[in-house]
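# Examining the three-dimensional arrangement
These are the residues of each chain, in order.
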Amino acid sequence: MASCNCPFSNLSSPVVSDRPPPVIRQGPSNQTVAVDGTVVLSCVTSGNPTPTILWRKDSVLVSTHDSRVKQLDTGALQIRYAKLGDTGTYTCIASTPSGEASWKAYLEVQEFGSPVQPNRPTDPNLIPSAPSKPEVTDVTRTSITLSWKPNLNSGATPTSYIIEAFSHASGSSWQTLAEHVKTESFVLKGLKPSAVYLFLVRAANAYGLSDPSPISDAVKTQDIPPTSQGVDHRQIQRELADVVIHIHNPSILSSSSVRVQWTVSISFLQ
């Protein structure tokens, strides 16, 4: 199955700090093609400004100097007269000044005579439609509850969901926080305190992934309590263990008052 590493922006750039990285709506899928065949690896993106799309094969930038290889206006990569050497992992990378998104797929080129299953485009009706815009509730320092609804008016019924998040505090890309989610409400844990997050959800079934949902409203996790920042509680306990309080005999001043005196001594260990 193709994999999506679908992108967080550098806070040092205030011009783009309020924009998330681009989103790959539909990326390439794993394919098998015979020698001399033609293959198209798709990469449908969205973002503001319009993302720049590059392709890598096994981590090396794909060269379009080869007349067999062409990047189409849609961003897809077309390879004609495929060779055995074209076999490898292809990565679509969509980038803007805010960050980037990537999606990988494996292409296998087989010799003549090998049985090759023809790659037919998946019927869009077999894939779920994008879920509704996710809603955020129950925000704590390190967790939130995310809820959404499936689109049952079109597409197939989802069997699970994938949740992705973006935060400047965590990098320059969308990150997958949860997969194989079976419910339409989910508690995301392990978030960073006092960080702004955006979320999106994709529906999935055996035929593939939906387009992403609309991006959630920005939400900020709660701050760390000031009293707990930079406090070494064990050190405080050790220091208090060396404090001795001596209470002197109280002096009765009247029927309703008493004087209590004490001294504090601290032993310093060398």
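Everything quoted here is computed from the prediction, not taken from an experiment. (Residues numbered from 1 in each chain as written. Predicted model: local features only at pLDDT ≥ 70, side-chain atom pairs only at ≥ 80, totals over all residues. Heavy atoms only, no water.)

### As for the overall build of the protein
Threshold: Every helix listed is a DSSP run of H or I at least four residues long, and every strand listed is a run of E at least two residues long, numbered separately from the N terminus. Exposed residues in this analysis have more than 50% of their type's maximum accessible area, buried residues have under 20%, and partly exposed residues fall in between, with area computed by a 1.4 Å probe over protein chains only. Note on areas: Shrake-Rupley with a 1.4 Å probe; residue coverage comes only from the protein chains shown.
On a plain count of helices and strands, the protein comes out with 1 helix and 23 strands. Evaluated residue by residue, the protein yields a buried proportion of 34% over its 270 residues. Accessible surface, the protein as shown: approximately 16,200 Å² in total, 52% of it carbon and sulfur.

### Here's the deal with the confidence of the model for the protein
Short version of the rule: What pLDDT conveys is the predictor's confidence in a given residue, as a value from 0 to 100. Note on contacts: a residue pair is in contact if any heavy atoms of the two residues lie within 4.5 Å.
Counting all residues, the mean pLDDT for the protein is 85, and 81% of those residues have values of 70 or more. Within the model, pLDDT remains below 50 along residues 7-17, and this stretch shows 37 contacts once partners closer than five positions in the same chain are excluded.

### Overview of the nonpolar core
Let me state the cut-off plainly: Here the nonpolar core consists of buried residues drawn from Ala, Val, Leu, Ile, Met, Phe, Trp, Tyr and Cys, with membership extended through side-chain atoms lying within 4.5 Å.
In terms of nonpolar packing, the biggest core is built from 23 residues, with Ile24, Trp55, Leu77, Ile79, Tyr90 and Leu107 touching the most fellow members. At the level of elements, strand S4 (39-41), strand S6 (52-57), strand S9 (77-79), strand S10 (88-96) and strand S11 (99-110) are the ones that each hand at least two residues to this core. Residue contributions to this core peak at 4 residues, all from S11. For isoleucine 79, the residues in contact, after removing those within four places along its chain, are Gly37, Thr38, Val39, Arg68, Val69, Asp86, Tyr90 and Leu107. In this structure, Ile144, Phe199, Ala203 and Val219 belong to the second largest nonpolar core, which totals 16 residues.

### Remarks on the sheet that holds strand S8 (residues 69-71)
Filter applied, for reference: Strands qualify as paired when DSSP identifies two bridges or more between them. To define axes, lines are fitted to C-alpha atoms, for helices over the stretch in contact only, and angles between the resulting N-to-C directions are given on a 0 to 180 degree scale.
Taken together, 3 strands build an open sheet; the order of strands is S4-S9-S8 and the sheet is antiparallel. Taken across any chain shown, the strands that pair with only one partner, and hence form the sheet edges, are S4 and S8. Pairwise comparison of adjacent strand axes, ignoring direction, gives a mean angle of 15° for this sheet. Pairing between S4 and S9: 3 bridges, direction antiparallel. The residue bridging leucine 41 from the neighbouring strand is leucine 77, located in S9.

### Concerning the environment of valine 62
Inspection of the secondary structure puts valine 62 in the loop between strand S7 (60-61) and S8. Take valine 62: its relative accessible area is 19%, and that puts it in the buried class. For the pair valine 62 and leucine 77, spaced 15 residues apart in the sequence, the C-alpha separation amounts to 9.5 Å. Not counting residues within four places of it along the chain, the set of residues in contact with valine 62 comprises Trp55, Arg56, Lys57, Val69, Leu77 and Tyr90.

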